[in-house]
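Geometric and topological summary
Okay, here's what each chain looks like letter by letter:
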Amino acid sequence: GGMDLLDLLGGGGPPAAAAAPPVDAMAMLGMGGAAPAPPPAAPGSFPPFQAWNKNGLQIEFACTKDASNPSVTAIEASFTSAQPTPLTGFNFQVAVPKYMKLQMSPASSSTVPPSNSGKVTQTFKVANSMHGQKPVLLRIKIDYSAGGQAVSEQGQVDNFPPGI
C-alpha cells in the first residue's frame with residue numbers, strides 16, 4: 001500500500017514535519033503542494049520495451065516484479081497492427097525453458113484493430129527458478145489472419161531489461 005512506500009521514504013512522525021520546506025519549494029516549481037505523489041512507475045516495474053515488430057505487427061512488453069518474490073515477473077503484452085485490415089483469429093502463445101514456469105491469461109480480444117487504431121492486451125506471469133543466474137527467455141508463436149491470409153510467426157524474446 002501507499003503507507004509502506006511512505007515508510008520506506010522515511011515519512012511518518014516528526015521527520016515529515018521537518019521535510020515541509022522542500023514540499024513548498026516543489027509547489028513553487030509548479031509541482032503542486034499536496035502530499036508527494038508516489039512515482040508513476042510502481043516499485044518493481046520496468047519501462048515497456050518492444051518484443052516483436054514484423055509485418056506491421058508490434059508487440060510491447062511491460063514487466064512488473066512480484067515484490068514478495070523477485071523471481072516472478074508479470075508481463076503485459078500489448079499488440080498493435082499497422083496493417084490496413086484487422087488481424088483476426090489472433091492467438092499469441094509463449095513457451096519457456098525448463099527452468100521457468102508460465103501462467104497465461106486470455107487475451108482481451110482475438111482481433112487486433114487495423115492502422116494502429118487500438119490494441120489488444122494479454123498478461124502472463126513467468127517464474128524463473130534460476131533468477132539471477134539465467135535470463136528470462138521466451139519463445140513466442142503468433143497466429144492470425146490478415147486480409148484472408150493465414151499468418152504464423154515464431155520467434156524468441158530475449159531482450160528483457162536488466163533486473164528481470
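Report follows, based on the coordinates.

Conventions used here
- Along each chain, numbering runs from 1 in the same order as the chain's sequence is written.
- Totals for whole chains, interfaces and linings use all residues, but because this is a predicted model, local features are given only for residues with pLDDT of at least 70 and pairs of side-chain atoms are given and counted only at 80 or more.
- As a rule here, side-chain values cover all heavy atoms of the structure and leave hydrogens and water aside.
- In this scheme, strands are said to pair when DSSP sees at least two bridges between them.
- For the purposes of this entry, the term helix denotes a DSSP run of H or I that reaches at least four residues, the term strand denotes a run of E that reaches at least two, and both are numbered from the N terminus.
- Here an axis means a line fitted to C-alpha atoms, over the contact stretch when the element is a helix, while the angle between two N-to-C directions is reported on a 0 to 180 degree scale.
- Within this scheme, the nonpolar core is defined by two criteria: the residues are buried Ala, Val, Leu, Ile, Met, Phe, Trp, Tyr or Cys, and they are joined through side-chain atoms within 4.5 Å.
- The buried label goes to any residue with under 20% of its type's maximum accessible area, the exposed label to any with over 50%, and the partly exposed label to all in between, with areas taken from a 1.4 Å probe on protein chains only.
- Every residue pair with non-hydrogen atoms within 4.5 Å of one another is taken to be in contact.

What about the sheet that holds strand β6 (residues 120-128)?
Spatially, β1-β2-β3-β6-β5 is the arrangement adopted by the 5 strands of the open sheet, whose pairing is antiparallel. Only two strands of the sheet have a single neighbouring strand rather than two, namely β1 (49-54) and β5 (100-104). Here the average twist between neighbouring strands, direction ignored, is 25°. The pairing of β1 with strand β2 (residues 57-66) spans 5 bridges and is antiparallel. Among the inter-strand pairings, Lys54 is bridged to a residue of β2, identified as Leu57.

Notes on the nonpolar core
Ile59, Phe61, Phe92, Leu138 and Phe160 are the most contacted members of the largest nonpolar core, which totals 31 residues. At the level of secondary structure, the elements contributing two or more residues to this core comprise β1, β2, β3 (69-81), β4 (87-95), β6, β7 (138-146) and β8 (149-157). Of the residues forming this core, the biggest block, 5 residues, is contributed by β7. When residues no more than four places from it in sequence are discounted, the contact partners of Phe160 are Phe49, Phe61, Cys63, Ile75, Val136 and Leu138.

What to know about unusual backbone geometry
Within the chain, Ser115 stands out as a residue other than glycine whose phi angle is a positive 55°. Along the chain, the position of Ser115 falls in the loop between β5 and β6. Here the phi dihedral of Asn116 falls at roughly 55°; this positive angle occurs in a residue that is not glycine. Within the secondary structure layout, Asn116 lies in the loop between β5 and β6. Taking relative accessible area as the criterion, Asn116 reaches 49% and is therefore assigned partly exposed.

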